[in-house]
Amino acid sequence: MSTLLRLALTKGRLESDMRQLLAAAGVDISPLLDTGRRLIHRLPDAGIEVVLAKAPDVITYIEHGVCELGVVGKDTILELGSSFYEVLDLGFGACRFALAAREGDDFFGSTRHRRVASKYPKVTAAYFAGRGMDAEIIKIEGSVELAPILGLADAIVDIVETGATLSANGLAPIEDICPISARLIVNVAAMKMKKAAVQDFVALCRRRLEGEGCP
Ligand code: PRP
């Protein structure tokens, strides 16, 4: 077996969806089933070594070339960077960016200064710039639904999947911004220098996605 490629995999839900995709493609994923506190796991069948990382760090590892492949959400890609190739929409992790406010609020009807909280200030700024509207953007690290409830912001830009978190907190979507799903990304140099191995792994994922749908 030639040198294993390193795949930086976003910990959490994308990790388990990717595990399912690999298993369905016939890869022995047993090293990934009881990971304990270990962060690197070899999957020789797939020609990869899986590095478990937080989403923003997946991008850092790919951009610095210490991992050749990455699995990360389009949300993180839109917010943080694009100095890599985005080669495949993996289909799983499907959700959307949406603007949301307290139920019944007329966010666009109001003429007052608008404050919008988000974990994704770049995405939020681009959205309001695209609408030709001014908004003060307040960066929040998580549980952003709290911001309108506490009176910090008039609205939020956040990931919505089922809508349950919004509705449990008295909020409602106002407008969808764009769809999101997990993407396979590739380091720019690796695409050239390790082309055959990269192509083999991309083909393995693609065969699974095209042949039998998403896991
Ligand atoms: C995400 C997102 C929403 C929730 C949406 O939060 O920020 O809070 O999921 O999912 P739903 O529409 O199915 O309810 P996450 O669990 O990642 O935590 P965070 O808010 O701390 O980022």
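Preceding this paragraph is the structure being described.
Colleague: Please clarify how the overall build of the protein should be interpreted in this entry.
Modeller: Per the secondary structure count, the protein includes eight helices and eleven strands. Projected onto the principal axes, the alpha-carbon positions of the protein cover approximately 65 × 35 × 30 Å. Of all 215 residues assigned to the protein, the portion counted as buried reaches 45%. A separation of at least 24 residues holds for 68% of the contacts in the protein among residues at least 6 apart in sequence. If you average the places of the 25 positive and of the 28 negative side-chain charges in the protein, the two averages end up 4 Å apart.

Colleague: Help me understand the sheet that holds strand β8 (residues 136-139), please; the structure alone is not making it clear to me.
Modeller: Whenever strands of a sheet pair, they do so through backbone hydrogen bonds, lying parallel or antiparallel. With respect to topology, five strands assemble into an open sheet ordered β8-β7-β9-β6-β10, the strand pairing being mixed. Strands at the two margins of the open sheet, each flanked by one partner only, are β8 and β10 (171-180). Within the sheet, the average angular offset between the axes of one strand and its neighbour, ignoring direction, is 25 degrees. When strand β7 (residues 115-118) meets strand β9 (residues 155-160), the two strands line up parallel, connected through three bridges. Bridge pairing in β9 places Ala117 opposite Ile156.

Colleague: Any chance you could explain the environment of Leu152 here in plain terms?
Modeller: Along the chain, Leu152 falls in the loop between α5 (146-150) and β9. In this structure Leu152 comes out as partly exposed when scored by relative accessible area, which is 34%. Every residue in contact with Leu152, bar those within four places of it in the chain, is listed here: Arg115, Ile138, Ile140 and Ala147.

Colleague: Could you clarify how one ought to interpret the site of the ligand in this entry?
Modeller: In the vicinity of the ligand, the residues found are Lys119, Gly142, Ser143, Glu145, Asp158, Ile159, Val160, Glu161, Thr162, Gly163, Ala164 and Thr165. Within the side chain of Glu145, a nitrogen or oxygen atom sits 2.6 Å from an oxygen atom of the ligand. Here the ligand loses 65% of its free accessible area of 490 Å² to cover by the protein chains. Among the elements of the structure, β9 and α6 (164-168) are those that each provide at least two residues to the shell around the ligand. Broken down by element, the shell around the ligand gets its largest block of residues, three residues, from β9.

Colleague: What is the right way to read the packing of aromatic side chains from this model?
Modeller: Centre-to-centre distance and the angle between the planes together describe a pair of aromatic rings. Under the defined criterion, the tally for this structure stands at four aromatic pairs. Centre to centre, the rings of Tyr127 and Phe128 are 5.0 Å apart; their planes meet at 75 degrees, and the pair counts as edge-to-face. Side by side, Tyr127 and Phe128 carry an identical accessibility label, which is buried. Over the aromatic face of Phe107 sits the side chain of Arg114, whose NZ or CZ is 5.4 Å from the ring centroid. Directly above the ring of Phe108 sits Arg131, whose terminal nitrogen or CZ lies 4.0 Å from the centroid.

Colleague: How should I be thinking about the nonpolar core in this particular structure?
Modeller: In summary, soluble globular proteins display a tendency toward joint burial of nonpolar side chains. By size, the foremost hydrophobic cluster in this structure holds 29 residues, and its most contacted members are Met18, Leu22, Ile48, Leu90, Leu184 and Phe201. Elements that contribute at least two residues to this core include exactly β1 (5-10), α1 (13-24), β3 (48-53), β4 (69-73), β11 (182-186) and α8 (195-212). Not counting residues within four places of it along the chain, the set of residues in contact with Leu22 comprises Val27, Ile29, Leu43, Ile48, Phe201 and Leu204. With 14 residues, the next largest nonpolar core counts Val116, Tyr120, Tyr127 and Ile180 among its residues.

Scoring rules and cut-offs
Residues numbered from 1 in each chain as written. Predicted model: local features only at pLDDT ≥ 70, side-chain atom pairs only at ≥ 80, totals over all residues. Heavy atoms only, no water. Helix = DSSP H or I, 4+ residues; strand = E, 2+ residues; numbered from the N terminus. Buried < 20%, exposed > 50% of the residue type's maximum accessible area, 1.4 Å probe, protein only. Contact = heavy atoms within 4.5 Å. Lys, Arg positive; Asp, Glu negative; His and termini not counted. Charge placed at Lys NZ, Arg CZ, Asp CG, Glu CD. Pairing = 2+ DSSP bridges. Axes fitted to C-alpha atoms, helices over the stretch in contact; angles between N-to-C directions. Near = heavy atom within 4 Å. Polar contact = N/O pair within 3.5 Å; in protein donor to acceptor, adjacent residues only side chain to side chain. Areas by Shrake-Rupley, 256 points an atom, 1.4 Å probe, with all protein chains shown as cover. Phe/Tyr/Trp six-rings, centres within 6.5 Å; stacked < 30°, edge-to-face > 60°. Lys NZ or Arg CZ within 6 Å of the ring centre and 35° of its normal. Core = buried A, V, L, I, M, F, W, Y, C linked by side-chain atoms within 4.5 Å.

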